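Here is what each chain is made of, one letter per residue.
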Amino acid sequence: MSRLIVISNRVAAPKPEGEGGAQGGLAVALSAALREYKGLWFGWSGRVTDAFTGHIDFARHDGVASATIDLEAQDVDEYYNGYANRTLWPLFHYRIDLAEYDRSFGSGYERVNERFAETVQPLIDPDDLVWIHDYHLIPLGAQLRERGLRNRIGFFLHIPWPPARLLTSLPAHERLVLSLLAYDVIGFQTPEWLESFQNYVERELGGHCEADGTVHVGDRSVHAAAYPIGIDYKEFQEAAASAQAREACARLTESAAGRHTIIGVDRLDYSKGLAERFEGYRRFLEDNGDCLGKLFLLQIAPPSRGEVHTYEAIRESLDELSGRINGEFAEVDWVPIRYVNQGYGREDLAGFYRAAKIALVTPLRDGMNLVAKEYVAAQDPEDPGILILSRFAGAALQLKDALLVNPYSKEDISDAIRRAIAMPKEERIRRWRAMNACVAEEDVVWWRRNFVAALEGRG
Ligand code: ADQ
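The model shown is predicted, which means the values in this text are computed figures rather than measured ones.

Quick notes on the nonpolar core
Trp 161 and Leu 387 are the most contacted members of the largest nonpolar core, which has 159 residues in total. Each of domain 1 (4-230 + 444-455) and domain 2 (239-440) accounts for three or more of the residues forming this core. Aside from chain neighbours lying at most four places away, what touches Trp 161 is Phe 92, Tyr 94, Leu 167, Val 177, Leu 180, Phe 188, Trp 193, Ser 196, Phe 197 and Tyr 200.

Some remarks on the pairing of strand S5 (residues 129-133)
A large share of S5 lies buried, amounting to five of its five residues. What you see with S5 is no split at all: Leu 129, Trp 131 and His 133 on one side and Val 130 and Ile 132 on the other are buried throughout. With four bridges joining them, strand S1 (residues 4-10) and S5 adopt parallel strand pairing. The residue of S5 that forms the bridge with Val 6 is Trp 131. Summarising the sheet, S5 and strand S6 (residues 152-156) pair through five bridges and their orientation is parallel. Paired with Val 130 across the bridge in S6 is Ile 153.

Looking at the domain arrangement of the chain
By the assigned domains, the chain splits into domain 1 (4-230 + 444-455) and domain 2 (239-440). On a C-alpha basis, the centroid separation for the pair domain 1 and domain 2 is 30 Å. At the junction of the two partners, domain 1 supplies 25 residues and domain 2 supplies 21 residues. For the pair domain 1 and domain 2, the summed buried surface comes to about 1900 Å²; carbon and sulfur atoms form 63% of the total.

Concerning the environment of Leu 205
Position of Leu 205 relative to the elements: it lies in the loop between helix H7 (191-204) and strand S8 (208-209). On the basis of relative accessibility, which here comes to 18%, the residue Leu 205 falls in the buried class. C-alpha of Leu 205 to C-alpha of Glu 174: the two residues are 31 residues apart in sequence and 7.7 Å apart in space. Other than its neighbours up to four places away in sequence, Leu 205 contacts Glu 174, Val 177, Leu 178, Tyr 200 and Val 217.

Overview of the site of the ligand
The full set close to the ligand counts 23 residues, and His 158, Asp 366, Met 368, Leu 370 and Glu 374 are the nearest of them. At a separation of 3.1 Å, an oxygen atom of the ligand approaches a polar backbone atom of Gly 367. Contact between the ligand and Glu 374: an oxygen atom at 2.6 Å from a side-chain N or O atom of the residue. For the ligand, the protein covers 84% of the area, taking 710 Å² as the surface of the free molecule. Sorting the residues of the shell around the ligand by element identifies helix H12 (346-355) and helix H13 (370-377) as the ones contributing at least two each. Across the shell around the ligand, the residue classes break down as 11 nonpolar, six polar and six charged. Split by domain, the shell around the ligand shows at least three residues from each of two domains, domain 1 (4-230 + 444-455) and domain 2 (239-440).

Scoring rules and cut-offs
Residues numbered from 1 in each chain as written. Predicted model: local features only at pLDDT ≥ 70, side-chain atom pairs only at ≥ 80, totals over all residues. Heavy atoms only, no water. Core = buried A, V, L, I, M, F, W, Y, C linked by side-chain atoms within 4.5 Å. Buried < 20%, exposed > 50% of the residue type's maximum accessible area, 1.4 Å probe, protein only. Domains from an automatic or database assignment. Contact = heavy atoms within 4.5 Å. Helix = DSSP H or I, 4+ residues; strand = E, 2+ residues; numbered from the N terminus. Pairing = 2+ DSSP bridges. Buried area = accessible area lost by both parts, 1.4 Å probe. Near = heavy atom within 4 Å. Polar contact = N/O pair within 3.5 Å; in protein donor to acceptor, adjacent residues only side chain to side chain. Areas by Shrake-Rupley, 256 points an atom, 1.4 Å probe, with all protein chains shown as cover. Nonpolar A, V, L, I, M, F, W, Y, C, P; charged D, E, K, R; others polar.

This is the structure we're talking about:
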């Protein structure tokens, strides 16, 4: 049986026993795959050294072998904070206004991908399957091919693929996309992102896409398809049933004092539509005076990517906006927004989700969005809550029974909250059952099996 080599920017190291806090769904799923295939997980350690040495740190946790390398400060600036998070992330989330095109970012990105290729290549045996993840490492497959690697190599993109008209604003876009043709399989979260990719290939590269997913450009053929990622449903249900989750649920319910909780859980990122969400909620408060004091929004949003300026700016603007809304509407015994800038463990989150009557998941653009699926999985089947979901999240294609909204429209968000509050229990249960069946069935194991089957040439 082949081994599986997973390569991603960071390796999700399992926490040592006793430190608490389970891993995220992706880490759990990939760890399970690596155990099944006796593989190796390769990536950046998160540490910075004076000069790149190519030294590899090997570790083994819970049956999963990992190999990590350290990077130089310049690498981190140009590759991670630069090209990945200031160029590709905004552009791929349709924010060309925020995308920065700096030549040094591009060369740093190439350099780090070369460094990954150089160091990982000797660890790969001829029969191994290689699975590369996300926008940080798009050219890695081509780099490995240049070094003579002939293994099956797959790539999965966790974020959206932008429309061709936006992507062409990226200098050297052709080079980036052509490098993808080195893979055997390219996976996207949804058919929409796949279509944008195919459209680019046909318009810009003169390629040809077949109905079975084969993409031809010149003499290269690649299989490109949608593989929507799911959550680890079983693990999340267990987390939701844990004593800690029940405690978290009780704590939030008690502090709500009979009011409805609306929950939002996101990394603090402009793609998540937090300012638009707050504005939609403000519109709801303005238009529904009878609801003042009867509900509140709990927004959990730990800061991320603090070294990138736009992230500092969004943090400041949300501090200000939540303060303004609270100042406008609060009473001595009620604040409309509880805005919390910290992360929580999975058990706590599961408990909070269960205590919330409504979840507001309103990204402006999102590859998939796992929070929407976690919220569904955490509900009480006898009395489930309501998911309000952006139509621009990949998850909207699967969770059709959510209340789908346009996240740019304050009125849409406000109307959906009103509708959710008034929704009869039978309708809540009917909608939840349909969504839950999908979240349970199309889970992370299903995702991984489908992708790996395609990588093995069976899909
Ligand atoms: P993200 O943009 O990080 O992921 P998401 O899919 O929502 O977005 O996953 C976030 C994960 O982090 C969830 O498991 C969530 O529970 C957790 N999380 C978020 N806020 C948290 C908090 N305050 N405390 C604790 N945990 C928190 C990228 C893409 C997505 C895609 C995923 C997986 O942008 O579109 O769904 O990868 O492919």
